[in-house]
Amino acid sequence: MWKNQNVWLVLIGEFVAGLGLWLGIIGNLEFLQQHVSSDFLKSLILFIGLLAGVMVGPIAGKVIDRYKKKTVLLYAGFFRMASVIFMMLALHFSSVGWMVVFMVVIQVSAAFYFPALQAAIPLIVKEKELLSMNGVHMNVSTVARILGTALGGALLAVMNLHSLYVFSMIAYGGLFVSTFFLHIQEEGKQRRNKHHQAANFKEIVPVLKQFPLVKIALLLTIVPTLFLGGFNLMVINISELQHDSTIKGLLYTAEGVCFMIGAFIVKRIAEKWDLRRMLYSFSLLIACAHLSLYFAEMKIAPLLSFAVFGFGVGCFFPIAATIFQTNIPKQYHGRFFSFKNMLDRVMFQIVLLGTGLLLDTIGLSYMVVVFGTISLALVLYFFTKEVKQQPSFHHHDPSS
């Protein structure tokens, strides 16, 4: 895998894009703290961008399956880079409205970019290398997140927000350039168009019925989303609860480091446990981590909670991604990953709005009990429902 130039290009591109993304997120949070006081209004502003991404999901899936993945990645990368211009206008005019435009453009670009990338990965590595590739890919994203948040905080101490977004745009430019050198072996246009005409976006749901493990993994993805949807707002509130601004960086670091550990050792764990058992086990671990944030007033407690969560999702996501890539036929990859992306975004929106509302009404301690209990109930419900069926891990023949 490491001799494959395409793998290195994907990893380098993901790293620089991750830096740009998290520099932008740090800037977004700073901008919102300066101009919006309510947690619910902050979540509502973020919600608008996510909603735009959901609305273009069906179109994105068809485009990714019909056209070359590299072409889609290039266009999406260009618009991610260009979107930063709108945030600079927001800074210049101190306008939340321009920030909303920025959020819409960057989220629409992401709605094309990430499903296209997930569909491209099985085309550049062998099936037996997918679990390792997904783990390494997520580790690179995590390193970029840790460095991006640290660099963003450091840059804010010595320069203004405008400079932060300049660095973000440069990073997105690096992604755009690296994408040019990708070489992806794809089907001919005639065959792609045949698949595109033979099946539309709505036919993904019947396809899912053929692969029980895919359906389980898709449903259990709700559990980490219940934590991730309110991640940034929880970090801000824990910082305010403990009257310690430095804990924000420590929380990101604890979660990120443990995420990398999980993604690094997940292949070894997979050699001893079957994938279905692992999905349930790590979903349960994530639910427990969420519940443990009830003790967030204690200095060390939230750090441990975020660390446990990081390890859980570091194992969960590579396994889920591998299941999706190897079970779903390649001609459906674009539509499936766009469909999944839509579900993730809808759930993320609900959690984001719910987090903001509950933080304003009942506070952090009771909010995490509500969401943690929902996560625990979901794991137990799905496990009870599926335990008698004992679905197996059906590998799709990549040659079909």
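**Student:** Even after reading the chapter, I still don't get the environment of Val-125, so can you show me in this structure?
**Tutor:** Position of Val-125 relative to the elements: it lies in the loop between helix 5 (96-124) and helix 6 (130-158). In this structure the C-alpha to C-alpha distance between Val-125 and Val-7, which are 118 residues apart in sequence, comes to 7.6 Å.

**Student:** Where do I start with empty space enclosed by the protein in this structure?
**Tutor:** Gaps left between atoms show up when a probe the size of a water molecule is rolled over them. Under the defined criterion, the tally for this structure stands at two cavities of 30 Å³ or more. Quantified by volume, the second largest cavity comes out at close to 70 Å³. Every residue along the wall of the second largest cavity is listed here: Leu-9, Val-10, Gly-13, Glu-14, Leu-73, Tyr-113, Leu-117, Leu-175, Ser-178, Thr-179 and Leu-182. Looking at the lining of the second largest cavity, the elements with two or more residues in it are helix 1 (5-35), helix 5 and helix 7 (161-180). In terms of residues, the lining of the second largest cavity owes the most to one element, helix 1, which gives four residues. Looking at the lining of the second largest cavity residue by residue, the class counts come to seven nonpolar, three polar and one charged.

**Student:** Would you take a moment to explain the environment of Ala-157 for this structure?
**Tutor:** In this fold, Ala-157 is placed in helix 6. Residue Ala-157 is classed as exposed on the basis of its relative accessible area, which comes to 66%.

**Student:** I would appreciate a short explanation of the environment of Thr-225 in the present structure.
**Tutor:** Locating Thr-225 in the fold gives a position in helix 11 (residues 222-228). Spatially, the C-alpha atom of Thr-225 lies 22 Å from that of Leu-23, the residues being 202 residues apart in sequence. What Thr-225 contacts, discounting residues up to four positions off in sequence, is Asp-344, Met-347, Phe-348 and Val-351.

Reading the values: the criteria
Residues numbered from 1 in each chain as written. Predicted model: local features only at pLDDT ≥ 70, side-chain atom pairs only at ≥ 80, totals over all residues. Heavy atoms only, no water. Helix = DSSP H or I, 4+ residues; strand = E, 2+ residues; numbered from the N terminus. 1 Å grid on protein atoms, 1.4 Å probe; cavity = no way out; pocket = protein on both sides within 12 Å on 5 of 7 lines; lining within 4 Å. Points joined across faces, edges and corners; volume = space filled by probe spheres on them. Nonpolar A, V, L, I, M, F, W, Y, C, P; charged D, E, K, R; others polar. Buried < 20%, exposed > 50% of the residue type's maximum accessible area, 1.4 Å probe, protein only. Contact = heavy atoms within 4.5 Å.

Note that all results are geometric; they support no functional claim without further evidence.
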